[in-house]
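Working through the structure, step by step
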Amino acid sequence: MSLVRRAVPEDAEEVLRLRQVMIDAMGRTPASTDWHAQSLPVLRARLAEADGDFAAFVVDHPERPGALAALVAGTLEYRIGRAGNPHGVVGYVFSVATDPGARRRGYARACMEELLQWFRVRGAGHVMLTASADAEPLYTSLGFTRDADPSMRLYL
């Protein structure tokens, strides 16, 4: 039996906690958690959608009942098809986090493998993510390569 399971609405607070672990690891100083209260109802609703375009896979923490050890979340998006992806379905991985006390046990890899399978079943032509230097070896071992296309962002 796999340690990995699909996250459910009851996991929402822990999912946000692990997302914050990831956010804090990427920044120079711990970020505010004020947004959690507004995000929680939306996240619970999205976790309840079994057939939607969003999925999160988790591992329960082996030493802390009710806590999660690892999280991987992603979404599907439609783009007009092109060579190599004629159906235009693209997977995006946007949250990969492991509880600091549960690292180096293969939990993030196991969750990523489940998410990648979820993308395959739903017809994604490719999967994109942003990798930290620490996480890049994991993604490379799963077959990800660096993308040469530049990325830009506009905050609204």
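Details of the structure are given in the entry above.
1. Quick word on the layout of surface pockets
- Estimated volume of the second largest pocket: approximately 330 Å³.
- A breakdown of the residues in the lining of the second largest pocket according to their chemical character gives 10 nonpolar, three polar and two charged.

2. Notes on the packing of aromatic side chains
- In total, this model carries three aromatic pairs according to the counting rule given.
- Measuring from centroid to centroid gives 6.1 Å for F54 and F94, while their planes differ by 25°, and the two rings are stacked. Within this pair, whereas F54 is found in strand β2 (residues 54-60), its partner F94 is found in strand β4 (residues 89-98), the two being separated by 40 residues in sequence.
- For F54, a relative accessible area of 9% translates into the label buried.
- For the pair Y139 and F144, a centre-to-centre distance of 5.9 Å together with 70° between the ring planes defines the contact as edge-to-face. Per residue, the accessibility class of Y139 equals that of F144, and both read buried.

What counts, and at which threshold
Residues numbered from 1 in each chain as written. Predicted model: local features only at pLDDT ≥ 70, side-chain atom pairs only at ≥ 80, totals over all residues. Heavy atoms only, no water. 1 Å grid on protein atoms, 1.4 Å probe; cavity = no way out; pocket = protein on both sides within 12 Å on 5 of 7 lines; lining within 4 Å. Points joined across faces, edges and corners; volume = space filled by probe spheres on them. Nonpolar A, V, L, I, M, F, W, Y, C, P; charged D, E, K, R; others polar. Phe/Tyr/Trp six-rings, centres within 6.5 Å; stacked < 30°, edge-to-face > 60°. Helix = DSSP H or I, 4+ residues; strand = E, 2+ residues; numbered from the N terminus. Buried < 20%, exposed > 50% of the residue type's maximum accessible area, 1.4 Å probe, protein only.

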